[in-house]
Structures are given as C-alpha cells and as structure tokens.
Amino acid sequence: MTTASSADHPTRRDFLFVATGAAAAVGAAATVWPLVAQMNPDAATIAAGAPIQVDLAPIAEGQDIKVFWRGKPIYISHRTKKQIQEAQSVALSSLPDPQPDSARVKAGHDQWLVVIGICTHLGCIPIAHEGNYDGFFCPCHGSQYDSSGRIRQGPAPANLAVPPYAFLSDTKIQIG
Amino acid sequence: MSGPSDFQPSNPALKWIERRLPIFGLIHSSFVAYPTPRNLNYWWTFGAILSMMLALQILTGVILAMHYTPHADLAFKSVELIVRDVNYGWLLRNMHACGASMFFFAVYIHMFRGLYYGSYKEPREVLWILGVIIYLLMMATGFMGYVLPWGQMSFWGATVITNLFSAVPYFGESIVTLLWGGYSVGNPTLNRFFSLHYLLPFVIAGVVVLHVWALHVAGQNNPAGVEPKTEKDTVPFTPYATIKDAFGVSCFLIFFAWFIFYMPNYLGDADNYIPANPGVTPAHIVPEWYYLPFYAILRSIPNKLAGVVAMFSAIIILCFLPWLDSARTRSSKYRPLAKQFFWIFVVVCILLGYLGSQPPEGIYVIAGRILTVCYFAYFLIVLPLLARIETPRPLPNSIADDVLAKSKGRAATAASVMLALVVAGGLFAGSTQNAKAEEGGSAPPAQSWSFSGPFGKYDRGSLQRGLKVYKEVCSACHGLSYVAFRNLADAGGPGYSEAQAAAFASEYKIKDGPNDQGEMFERPGRPADYFPSPFPNEQAARAANGGAAPPDLSLITKARSYKRGFPQFVIDFFSQYQEQGPDYVDAILQGFEDKAPAGVTIPEGSYYNKYFPGHAIKMPKPLSDGQVTFDDGSPATVKQYAHDVTTFLMWAAEPHMEARKRIGMQVFVFLIIFAFLMYFTKRKVWADAH
C-alpha cells in the first residue's frame, strides 16, 4: 500500500488503515473458530460417552470380560489369588513405570482389575492371559503387561491406563 | 498471467524460489501491478464476490462432507444431526445452503453486467464462453447439491430433472437408467450425485483459472467500453481494485448474513423438511429459484422434446452472443436503443422466474409462452437488428476523459447501487416463494410468537407447558424422533437442569439390546436416548390410524407452510417473517369444527378442519379444554395448549434458533462497522487516483 506519511508522524490515514486491518484480522479469526470447532466431537457423541454400569457377578475367578466405553475396550479381570500375589510382591524398582498394585485397584476389591485395554505404545489391543507376566501381551510390537496391567517388557512407555470407575456394590461398577 | 514479469523479490529466500518457479512474479503481475481501468464501477466487484463465494462454498462443503452420510436411509437424518449436534453445524449448513443462492445471485448480476457493457465482444469472446461454461457447471453442481438432503423436493427434483434426458430420441430411457443406476431414483443415484457434487466445484475452480487467465490477456472491459490507451487510463490492481473489491465483498456479506442468520429457510422449500417418499409427489414441485426462468421456458412448450431443447437452448444461446450482437460499440451507455431493450430483457427474465414458480395453468401458461418468445427474440432478432440500425452516441476519447466527464455524486452512486442490490435481491428472492395453492384451506391467522424477529427467544414457560401437552396428548400417535432427552437441558431450550432431563428420561422405557443372550430388552431411558416413537414402524402407524400415518413432529413446524402471495412475501423478507409453519400448526390444532359447513362433504373416518388443505383431516380433534392441567396457573384451554405445543415444536425443529439470532446480531454489528471502515479506507486509497 502506498502511504505518503512517514513513520514518526502517524496520520489519520495510518490509523484508518490499521483499524481496518485489525477489524479484518478479528473477523477472519472469528470465522475460523466455527470452522475448526466443528471437528470436535458432536453433542450426540458426547452424550453417548456417559458412564456405563457393569454387573460383575457373572465373571468367575480367572476370567475376564471386555466392555466398551467411549469406543475404548475396557478389560475387567477377576484375578486369581496367584495373580494378586504376583502383582503385589514385585519390587517397584524393577518396573519401568513404578506403581504399586494398590494404586491400580480399589481398596477392598483386590480381585478386580479394571484397565483400558489399549497398549500405551501405539494403541493396539493387548491379548489377556498371554505373555510372561500372567497379564497381557500386545501382538503388535511385543509389549508385555503383568497381572496389574503394568508394563514389564517391550516398547510401551507406560502402564495400561485405569479408567475412572467406582464400585456401586460388591458386584457392580460404574465406569466413567 | 499476461506475460513474463520483471518483478524481483528482495528477500534472498524468495529470490531463490523465484529463479526456479516464478510464482511471485506471476502473482505480482496478475494481482498487484496488473493495470485495471480506472473507471470501473461497483458492478465490477462481483468478480471478486464470486471468487469469494466459490472459495466459501468449497470450504463449507468440504466440512459438511465430514459429517454427511450419502445413503438413502441416512442422508436426511445426517443433515438434521449436522444442524442439531455438530458444533456450529447449523451455521455451516446455513452458510452452504444460502451460499448457493448467493452464488447464483452474484453470478446473475455478473452476467447482466457483462451483457449491458458488452463485455463479450471482441477480443473477449473466449472469456465470455468460459463464463457460460462455469455457469452450466454451477447449475449442475447446485442441482446435485439440492438432492443431497434427500427431502421430498430433493427426491422429486432429482426425478424431474433426470427425466429431462428421457426426451432424447432413441437413447433417452437408457441415458436416464444410466444416470439413476437403477430403475428409479434411489440410493445409487444419491451416491453418485454426492460424488459429483464434491468433484464439480473443483472443476469450476479450474475453469475459473482459465476465465481469469483469459481476462488478464484481454484486459478488463469498463463502463465506457473503450480500451485503455495510456497510463492515465489505468490504476494498478493493488491497492486500488483490491480495496474496492474488498469493500464490495464486505457489503455483499451483510446481504448474505441476513439470510444465514435471519432468513435461512426463506429461499428453501418447506417440503424439503419432509424425508424423501418415493410414493408421494409434493402438490407443487418447483426447482430452486435460480432455475425458475428456464423451468418456465421448459413448461411453456407443449412438446416434451421441444421443451427440453428450448430450455437448454436458452442457456447455450449465450455462447453465440458475441456473434449475434455485432455492434461495434460495447457499452450500452452509448447505445440508446440497446439500453432500453436490455432493461426489458431483465424484466422478461424476472417475470419468467416468477412464472416458473406459479402453477402451470390458465394465464400463466400464455404469459410463459409470450415471455419465452421475448427471451429468444432478444438474442435472435433484437440484438442482430440493433447492430445494423442503431446509431450510437459518441464515445469518449479515452477512459481518463470518461472519468473527468463524470459528474459528482460518486458516494451517492455507491449507496444507490447497494440499495438497488438489496431491493433487487428481495424481489428476486421473493419471487421464489412457490405456489402452495390453498386447495380450499383458509390462510392461518398470524399469531404473535415470542421467537419471531431478530431478538426472538423461546418462552421457557411455554416450552415446558408445550412439552407436557406433547407428552400427555400428541405422543400417543406422533413421534419426536430427532429430539433427545438431553436436549431438554440444552441452552436455548426449555431450561431444565441436566438432573431434571435425566429424571424425565428415566420415566420412559427404551428398547435396547441385544444383550449377551441375544435378546432385546427394555430399560429406563437415559439422557442420550431419543424420544421413543409410538409405533414400531410406518406400517403399524398406518394400520392403527385409518391408513394415514401420523407424521413425526420433530420438524413439523418447518415442514409445513402456506402461500404468502405477492406482495406479502417481499415484505416478509424485510420483516423477517419466518413463522408460516407455527401459524399453520397452531391453526390446525384450533381449526376443528364438529359440523362441516353446508356444501362440504367429509368422507367417513375423516374430520372437518378449517385450515387443513381440502378440509378433510384423518386426525380427530386432539385437544379439548381442561385436558391437560398446568402447574403454573396458565389457562387450560385449547388456545393455550395449541400455542404452547406449537412453541415447543418450533424449538424441537430449530433448537439452536436463539444462538443463531444472537450470533447473527454480533455478526451484523461487526460487518456494518467493517463495511464503514472499508469504505473510508477505499476513499483514502482512491484519493490519490482522482
């Protein structure tokens, strides 16, 4: 733009150009907002992500089930005495992502392990009851998790995540 | 684009690129240094407006495609979910749907401008023909886009337009089958239309590049119609044309925003809020307003093949315009006769558009034939003849002379141009209001609604009472399948808390499953569930209701309308009247009379309703005084019930209306301030040039 004014003498013309340019920038930013915001989850998706309730009664000791919450598989394992024993006795210093078993289950419900069944490496689903640690084995890149869902071996950087959940009764939990 | 540029960037990195790909030089020579005639008026800003509209349509279209499902069973619902659930989905859909109309509105002005100033004449014939190709592509794109929501008008529009090709001798039927991908318009048709609707805008963009290229080779025409001779005749494109175009664009956006935020359904058809039904054709089928003149030409010819040929010829004839009009003088400013015939031609086109929206009967058919003859006569008789007999007024020596000769009052020109635009827009758009012949139904009385006008809001008390009336009365037969319980707690809705909405939901039994045993089961409703429909399927609804399935009420206030007539529809544009639907629904609920008036026979199993088209409605009188008791002491009368349940159903059809109007006001304040800033900036920039 050709302006006749010099830099040290701001004129009315300069003010007008700056004001118009600023208004255009504000308008452009306000226009971009809805164009980007539309990519976030829509209201129906958010509503469908509401908490779910799961009945634990049918799950026998040593069994596990997979339920879906917000499109993610949640493993609910009814751990055996041996699995609990192993999970509690391992030395924390030997773990890549040190976390005691008590921090991963609810107090008084030691037999129930509830974890999001998504490998923390690159998002594959680990297979239960496989691997060397009585826990989970991820077939994609060989990560192995123990009976508390903690990473023990392989490329995954962190333990399997524990979703937010609470016991409504001894045999019923609410996830979310 | 008109040749090698001597532009050299000073930045070394840009220099490096420029030596290998002279893109900055191209941009500089095409959009900065490019000489543009200094006497261009605001009609010339429509090129920039059209570029902006094309970009906006592609942008919003790509976004809508992220959420849309091109399947015959899901398309209608997916569009509703875009409007209801996607963040700002209502805004994006309105921008895209109204944007199509704005695009055509701008292209018609652009074309008429070219016609008036002779912009198609030597050496701009190729430029003009490329424009006609863009226009044809736009028509195809617009038509296929209108099919995608898969409402009644989408479906029947697709049926009628594809059937045009059946007029082709020998191959007609095969061509139509090929277009459909089936024995009738169906899912394969929708799928391919979606694919092509996504493709064609990019083809348009490609032809636009050629159009601009041709423009930059020949140079712009101008109101005087004389070629620039010296430096004094032109100004550089940037900043002069850029800033002027930007001002034109900002004014156009105000006009556009009026539709997006306040009149989103003004140009649409209520029937398109009814899902496609291959068994029932809407009583009055009309295309979108921008096709109406050609539709009128089609209908005015009583022979199928001749009608189709006439309709396509009406567009193709534009390609031959440079040779039909062989007058030397370009601009109609200096052609006293051509100028008059031009305006007559504009009126002919507008009248043809009006006729296209009217039922093809009586005087309308005769008028249509006369105007069709006028349309073709303009190109085939008037223009060739004028070129031979007309004596043009003397042309100015140069563009600079033309500018000097111009009297004062430039600001007035800009204002009057914009005013003319708005008025013309209102009239032209208004002429689309299709004929919903009353067929014996009286016009519903206009009610006073809390949600009408630019500041309209839903009356919370009325919404809550209306929900009660729906739940206790209407829901026995009518579904509300696009409304979820969670919506009751949404902003701009009935104003319940989330806990109240959850409690309301839990009173319903929702079918869910299958469970681990593979069986369906019932459970209490959750906020995420939708209102359950009273009948498992349409056949059951039909069987239980004497053969007429009670319609779903989610969209009823937008899917019903009545004829407003001239000049009411023009006034509606300015007064933002959008409440035909609610007025109609309210009137129907109150329009039952025990005894039909003398001379009206109502068939067995039907009931007399004053406002129902044809008067014989299958629904028995649903409401009577005292049927529902309100906690807030509102009168327990049919009048009150009808008002409240209609308010509730208006919210059900348009849950984001309050946000739409609120954001609309903010956008308007901004755009008006911005247009003023642009105007003064433009004046400052141009001060040097005058």
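Provided above is the structure to which this section pertains.
Residues numbered from 1 in each chain as written. Chains lettered and ligands numbered in written order. Predicted model: local features only at pLDDT ≥ 70, side-chain atom pairs only at ≥ 80, totals over all residues. Heavy atoms only, no water.

Peer 1: Explain the overall build of chain B to me, please; I cannot follow it from the model alone.
Peer 2: Secondary structure summary: chain B contains 25 helices and six strands in total. Radius of gyration (C-alpha) of chain B: 29 Å, near the 26 Å computed for a compact globule of 690 residues. The principal-axis extent of the C-alpha atoms belonging to chain B is close to 85 × 65 × 50 Å. Looking at chain B residue by residue over its 690 residues, the buried ones come to 52%. As displayed, chain B has an accessible area near 31100 Å², and 65% of this comes from carbon and sulfur atoms. Taken together, the 54 basic and 48 acidic charged side chains of chain B have centroids lying 10 Å from each other. (Helix = DSSP H or I, 4+ residues; strand = E, 2+ residues; numbered from the N terminus. Rg over C-alpha atoms; globule rule 2.2 N^0.38 Å. Buried < 20%, exposed > 50% of the residue type's maximum accessible area, 1.4 Å probe, protein only. Areas by Shrake-Rupley, 256 points an atom, 1.4 Å probe, with all protein chains shown as cover. Lys, Arg positive; Asp, Glu negative; His and termini not counted. Charge placed at Lys NZ, Arg CZ, Asp CG, Glu CD.)

Peer 1: In this structure, what is going on with the sheet that holds strand S10 (residues 172-175) of chain A? I would like to understand it.
Peer 2: Working definition: the strands of a sheet are paired by backbone hydrogen bonds and lie parallel or antiparallel to each other. Residue and element names in this part refer to chain A. Reading across from one edge, S1-S10-S9 is the order of the three strands in this open sheet, with antiparallel pairing throughout. Of all strands in the sheet, those bounded by a partner on one side alone are strand S1 (52-55) and strand S9 (165-169). Between one strand axis and the next, the sheet turns by 30° as a mean value, whatever way the strands run. Judged from the four bridges that link them, S1 and S10 form a sheet pairing that is antiparallel. Its bridge partner lying in S10, aspartate 55 is registered against lysine 172. (Pairing = 2+ DSSP bridges. Axes fitted to C-alpha atoms, helices over the stretch in contact; angles between N-to-C directions.)

Peer 1: How do you make sense of helix H18 (residues 460-472) of chain B when you look at a structure like this?
Peer 2: In an α-helix, one turn spans 3.6 residues, which is why side chains three or four residues apart end up on the same side. Residues and elements named next belong to chain B. Here H18 contains 13 residues, and its C-alpha end-to-end distance of 18 Å stays within 8% of the 18 Å for a straight helix at 1.5 Å per residue. Taken residue by residue, H18 has Ser462, Leu463, Arg465, Gly466, Leu467, Val469 and Tyr470 as its buried positions. Each element contacted by the buried residues of H18 is listed here: helix H19 (498-506) and helix H24 (638-653). Where H18 starts, the residue carrying a side-chain oxygen 3.1 Å from the main-chain nitrogen of glycine 461 turns out to be aspartate 459. (Expected span 1.5 Å × (residues − 1). Contact = heavy atoms within 4.5 Å. Polar contact = N/O pair within 3.5 Å; in protein donor to acceptor, adjacent residues only side chain to side chain.)

Peer 1: Please clarify how the pairing of strand S3 (residues 72-78) of chain A should be interpreted in this entry.
Peer 2: Residue and element names in this part refer to chain A. The buried fraction of S3 is high, at six of seven residues. With six bridges connecting them, strand S2 (residues 64-69) and S3 associate as antiparallel partners. Residue pairing for S3: valine 67 is matched across the bridge by isoleucine 74. The turn joining S2 and S3, which pair antiparallel and follow one another in sequence, is formed by two residues; a positive phi near 55° is taken by arginine 70.

Peer 1: What's the story with the pattern of salt bridges in this structure? I'm lost.
Peer 2: Residues and elements named next belong to chain B. Per the counting criterion, the structure on display carries 24 salt bridges over all chains. Close ionic contact of glutamate 227 with arginine 330 constitutes a salt bridge, the shortest N to O distance being 2.9 Å. One end of the pair, glutamate 227, is in the loop between helix H9 (187-218) and strand S2 (234-236); the other, arginine 330, is in the loop between helix H13 (321-324) and helix H14 (336-356), and 103 residues separate them in sequence. Among the residues examined, arginine 330 registers a relative accessible area of 11% and is labelled buried. Measuring nitrogen to oxygen at the nearest pair gives 2.9 Å for the salt bridge that ties arginine 460 to glutamate 658. Of this pair, arginine 460 sits in helix H18 while glutamate 658 is found in helix H25 (residues 657-687), placing the two residues 198 residues apart along the sequence. (Salt bridge = Lys/Arg side-chain N within 4 Å of Asp/Glu carboxyl O.)

Peer 1: Which parts of the structure should I look at to understand the sheet that holds strand S8 (residues 151-153) of chain A?
Peer 2: The strand order S5-S6-S7-S8 (chain A) describes an open sheet built from four strands, whose pairing is antiparallel. The open sheet has two edge strands with one neighbour each: strand S5 (127-128) and S8 of chain A.

Peer 1: Help me understand helix H5 (residues 89-116) of chain B in this model?
Peer 2: All names here are of chain B. An ideal rise of 1.5 Å per residue puts 40 Å on 28 residues; H5 measures up with 40 Å between its terminal C-alpha atoms. The largest bend in H5 comes to about 30°, at glycine 99. One or two steps after H5, the chain reaches glycine 118, where phi turns positive at roughly 65°. (Bend = angle between axes of the 7 residues up to and from the residue.)

Peer 1: In this structure, what is going on with a nonpolar patch on the surface? I would like to understand it.
Peer 2: Taken together, the side chains of Leu136(B), Phe165(B), Val168(B), Tyr170(B), Phe171(B), Phe312(B), Ile316(B), Phe320(B) and Trp323(B) define a hydrophobic patch exposed on the protein surface, amounting to about 950 Å² of accessible area. Position of Phe165(B) relative to the elements: it lies in the loop between helix H7 (152-163) and helix H8 (172-180). (Patch = residues over 30% accessible without salt bridge, like charges linked within 9 Å, V, L, I, M, F, W, Y side chains within 5 Å.)

Peer 1: Sorry if this is basic, but what is going on with the nonpolar core here?
Peer 2: Side chains that are nonpolar tend, in soluble globular proteins, to be buried together. Residues and elements named next belong to chain B. Of all hydrophobic cores here, the largest spans 120 residues; its most connected members are Phe104, Tyr135, Phe252, Phe259, Phe294, Tyr375 and Phe379. The greatest single-element share of this core, amounting to 17 residues, is contributed by H5. Viewed by domain, this core spans two of them, domain 2 (34-226 + 233-391 + 415-435 + 665-687) and domain 3 (460-483 + 530-655), each represented by three or more residues. Dropping the residues within four chain positions of it, tyrosine 375 is found in contact with Phe294, Ile297, Ala314, Phe345, Val348, Cys349 and Leu352. Counting residues in each nonpolar core, the second largest holds 42 residues, with Leu467, Tyr508, Val628 and Met657 among its members. (Core = buried A, V, L, I, M, F, W, Y, C linked by side-chain atoms within 4.5 Å. Domains from an automatic or database assignment.)

Peer 1: Hey, could you run me through the packing of helix H4 (residues 75-84) of chain B against H5(B) in this one?
Peer 2: Packed helices, taken two at a time, are described by the angle between their axes plus the distance between the axes. Residue and element names in this part refer to chain B. For the pair H4 and H5, the least separation of the axes is 5 Å and the interaxial angle reads 120°. In terms of their interaxial angle, H4 and H5 are classed as oblique. Here Val79, Ile82 and Val83 of H4 lie close against H5, whose contacting residues are Gly89, Trp90 and Arg93. Class assignment of the residues belonging to the contact of H4 with H5 gives a composition of four nonpolar, one polar and one charged. (Parallel < 35°, antiparallel > 145°, perpendicular 65-115°, else oblique. Nonpolar A, V, L, I, M, F, W, Y, C, P; charged D, E, K, R; others polar.)

Peer 1: In this structure, what is going on with the interface of chain B and chain A? I would like to understand it.
Peer 2: Many descriptions give the size of an interface as the accessible area lost when the pieces come together. Opposite the 24 residues of chain B that make contact, chain A presents 24 residues. A buried area of about 2100 Å², summed over both sides, lies between chain B and chain A, and 73% of it is on carbon and sulfur atoms. Interface area lost by chain B to chain A is led by Asn87(B), Leu677(B) and Lys684(B), which between them contribute 24%. Listing elements by their share of the side of chain B that touches chain A, those giving two or more residues are helix H3 (46-67), H5, helix H10 (237-262) and H25 of chain B. (Buried area = accessible area lost by both parts, 1.4 Å probe.)

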